[in-house]
Amino acid sequence: MKSPRASDPTGLHRVLDDATVLPQAAQRLDTTRALWPDEVRVRVETLNLDAASYRQLERKHGGAGEAIRAEVLDIVASRGKMQNPETGSGGMLVGVVEEVGPESPLGLSVGDRIATLVSLTLTPLVIEDGLSRWDGRGEQVPCDGYAVLFGRSIAAVIPDDLPAALSLSVMDVCGAPALTARVVAGYVSAGSTTGGPTVAVIGGGGKSGSLSLAAARQAGAARAIGVVPHEREAALLRDAGLADEVVVADARDPIALRDAVTAAGGPADITVVCVDVPGCEGGAILATADRGTVIFFSMATSFSAAALGAEGVAADVTMLVGNGYVPGHAAYAMELLRTHDGVRRLFEGRLEAHA
């Protein structure tokens, strides 16, 4: 029987904690199948675990797929959502709308195939197949179950002209290129730099990183620098043609990262952090020019380390948290994929490698 609690567009009515917290901060969510009037229920096809979360699970279990799968099942069963207790992050999903509440403002219809653009950390989720089709060795997880979207959730209908797996990979990180473009365009319009800013993307060969490089150049960056951890990834990024310079550096080594970006034409006016490992805050700050901007998109970022690190080296930089949402971000990211062959090659290569 449904709880008598009144619905709230943020999903507060599904929080089972004693304290009043939003769903993302909750320890457990109500996964009742029946909907409140402004909700939408989705039949889940695929979960896409965010990179930081999956890497942490992979390291913890030494790559043992069965153990990774078991922990994901345990997290979802115990919390009513997918939220890695170590990283705090989750991912997103693809599915088909199976019921729409009469007061839902999302504009979705039964039968729409969608990708959710809000995190699994705040999405009520029930897994019904035990993830039997997933070997635990990749971020994309075949799944049968259901999820619930709230009045203030975000979802996008998957385009017909692209494979679903490719669309999911792009939509998982679509906030990064949209915010990068906004910040670069702001520098250009303000005349902050002569001929446009220099942009360094740490993790430039990854999903969010490659899209951010494409977005930076399209928005008017004068110079784009891609930083990657090893030569194999550097070769792929050079072949994609998204950066003016590609450098190999360990982003966890602040001096090596600073020197690599400087040698490639930095320091950067804008540094975008897209890596999925902790400990990259100091190098990103040192690689950025005075009065420059650092955008942190990685869920592995320690924001206390970033703030105290900048203070400790007397760095006059603006630091932004990429929150994953910019109006129109999904359509913008999909258009970058369609119009930049290099971006598409990198995404398709990742999917083939995981397959």
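Refer to the structure printed above.
Numbering of residues starts from 1 in every chain and runs along the sequence as written. Confidence filtering applies because this is a predicted model: local features only for residues at pLDDT of at least 70, side-chain atom pairs given and counted only at 80 or more, and all residues used for totals across whole chains, interfaces and linings. To get the side-chain values, take all heavy atoms of the structure and skip hydrogens and water.

Undergrad: Could you clarify how one ought to interpret the overall build of the protein chain in this entry?
TA: When helices and strands are counted, the protein chain shows 11 helices and 12 strands. Restricting the calculation to C-alpha atoms gives the radius of gyration, and the globule rule supplies 2.2 Å times the number of residues raised to the power 0.38. In terms of overall size, the protein chain behaves like a compact globule, its C-alpha atoms giving a radius of gyration of 20 Å where 355 residues would be expected to give roughly 20 Å. Taken over the C-alpha atoms alone, the protein chain extends approximately 65 × 40 × 40 Å along its principal axes. Across the protein chain, the fraction of contacts at a sequence separation of at least 24, relative to all contacts at a separation of at least 6, is 70%. Values of accessible area rely on a 1.4 Å probe in the Shrake-Rupley scheme; residue burial ignores everything except the protein chains shown. Here the protein chain displays about 14600 Å² of accessible surface, and carbon together with sulfur accounts for 51% of that area. Side chains of the protein chain give 30 positive and 43 negative charges; the mean places of these two sets differ by 2 Å. Strands are runs of DSSP state E lasting at least two residues, helices are runs of H or I lasting at least four, and both sets are numbered from the N terminus onward. Contacts are assigned to residue pairs that have any heavy atoms within 4.5 Å of one another. Charged-residue counts in this description rest on Lys and Arg as positive and Asp and Glu as negative, His and the chain ends being excluded. Throughout, a charge is located at the NZ atom of Lys, the CZ atom of Arg, the CG atom of Asp or the CD atom of Glu.

Undergrad: Help me out: how do you make sense of empty space enclosed by the protein in this one?
TA: A water-sized probe, rolled over the atoms, reveals where empty space remains. Detection works on a 1 Å grid of protein atoms alone, calling trapped sets that fit a 1.4 Å probe cavities and calling open sets with protein on both sides within 12 Å along at least five of seven lines pockets, with lining residues defined by an atom within 4 Å of a point. Grid points are joined across faces, edges and corners, and a volume is the space filled by probe spheres set on the points. Overall, the coordinates contain 2 cavities of 30 Å³ or more when judged by the stated rule. What the largest cavity holds in volume is close to 50 Å³. Taken together, Asn48, Glu139, Gln140, Ser169, Lys207, Arg350, Leu351 and His354 make up the full set of residues lining the largest cavity. Here the element with the most residues in the lining of the largest cavity is helix α11 (residues 341-354); it accounts for 3 residues. Note on residue classes: Ala, Val, Leu, Ile, Met, Phe, Trp, Tyr, Cys and Pro are nonpolar, Asp, Glu, Lys and Arg are charged, and everything else, Gly too, is polar. Residue composition of the lining of the largest cavity, by class: 1 nonpolar, 4 polar and 3 charged.

Undergrad: Got a minute to help me understand the nonpolar core in this structure?
TA: Burial of nonpolar side chains together is a common tendency in soluble globular proteins. Nonpolar core, defined: a set of buried Ala, Val, Leu, Ile, Met, Phe, Trp, Tyr and Cys residues in which side-chain atoms within 4.5 Å join the residues together. Note on exposure labels: buried denotes an accessible area under 20% of the residue type's maximum, exposed denotes more than 50%, and partly exposed covers the range between, all computed with a 1.4 Å probe on protein chains only. Formed by 50 residues in total, the largest nonpolar core has its most connected members in Val199, Leu242, Ile270, Val272, Leu337 and Phe347. A per-element tally of this core places helix α4 (residues 175-190) first, with 7 residues. What Val272 contacts, discounting residues up to four positions off in sequence, is Thr180, Val199, Ala200, Val201, Ile202, Ser212, Ile295 and Phe297.

Undergrad: So what exactly am I meant to see when it comes to the packing of helix α3 (residues 164-171) against α11 here?
TA: Two packed helices can be described by the angle between their axes and the distance between those axes. Under this scheme, a helix contributes an axis fitted over its contacting stretch, all axes are lines through C-alpha atoms, and angles between N-to-C directions fall in the 0 to 180 degree range. Where α3 meets α11, the axes come as close as 10 Å, and the angle between the chain directions of the two elements is 110°. Relative to α11, the element α3 lies roughly perpendicular. The hand of the α3/α11 crossing is right-handed. Contact residues: Ala165, Leu166, Ser169 and Val170 in α3; Arg344, Phe347, Glu348 and Leu351 in α11. Per-class residue counts for the contact of α3 with α11 are 5 nonpolar, 1 polar and 2 charged. When an angle is under 35 degrees it counts as roughly parallel; over 145 it counts as roughly antiparallel; between 65 and 115 it counts as roughly perpendicular; any other value is oblique. With the far helix as reference, a near helix turned anticlockwise by less than a right angle produces a left-handed crossing, and one turned clockwise produces a right-handed crossing.

Undergrad: Help me understand the side chain of Ser153 in this model?
TA: Structurally, Ser153 can be placed in the loop between β5 (140-149) and β6 (155-157). Judged by its relative accessible area of 10%, Ser153 falls in the buried class. Among the polar contacts made by the side chain of Ser153, one reaches the main-chain amide nitrogen of Phe150 at a distance of 2.7 Å. Beyond its immediate chain neighbours, meaning those up to four positions away, Ser153 contacts Leu106 and Val118. N or O atoms closer than or at 3.5 Å make up a polar contact, with two conditions inside protein: a donor-capable atom paired with an acceptor-capable one, and, for residues adjacent in sequence, both atoms drawn from side chains.

Undergrad: Where do I start with unusual backbone geometry in this structure?
TA: Residue Pro267 is bonded to the preceding Gly266 through a cis peptide linkage, with omega at 5°. Phi at Leu131 takes a positive value of approximately 55°, unusual for a residue other than glycine. Its location among the elements puts Leu131 in the loop between β4 (125-127) and β5. On the basis of relative accessibility, which here comes to 0%, the residue Leu131 falls in the buried class. Residues other than glycine seldom take positive phi values, yet Ala314 does so here, at roughly 55°. With respect to the helices and strands, Ala314 occurs in the loop between α9 (303-312) and β12 (318-321). Judged by its relative accessible area of 68%, Ala314 falls in the exposed class.

Undergrad: For this particular structure, what's the right way to read the sheet that holds strand β7 (residues 198-202)?
TA: The strands making up a sheet are joined through hydrogen bonds of the backbone, oriented either antiparallel or parallel. If you trace the 6 strands from one edge of the open sheet to the other, you get β9-β8-β7-β10-β11-β12, paired in parallel fashion. A single partner strand is all that each edge strand has here, and the edge strands are β9 (245-248) and β12. The average angle at which neighbouring strand axes cross in this sheet is 20°, direction not considered. Direction of pairing for strand β11 (residues 288-296) relative to β12: parallel, over a ladder of 4 bridges. When the bridges of β12 are listed, Val294 appears paired with Met319. Taken strand by strand, α4 contacts β7, β10 (268-273), β11 and β12, and its axis lies near 160° from that of β11. Criterion used throughout: strands pair if DSSP finds at least two bridges between them.

Undergrad: Which parts of the structure should I look at to understand the packing of helix α5 (residues 207-219) against α11?
TA: The N-to-C vectors of α5 and α11 enclose an angle of 175°; their axes lie 10 Å apart at closest approach. Classified by the interaxial angle, the pair formed by α5 and α11 is roughly antiparallel. Counting all contacts with α5, which are made through Lys207, Ser210, Leu211 and Ala214, the residues of α11 involved are Val343, Leu346, Phe347 and Arg350. Taken together, the residues that form the contact of α5 with α11 break down as 5 nonpolar, 1 polar and 2 charged.

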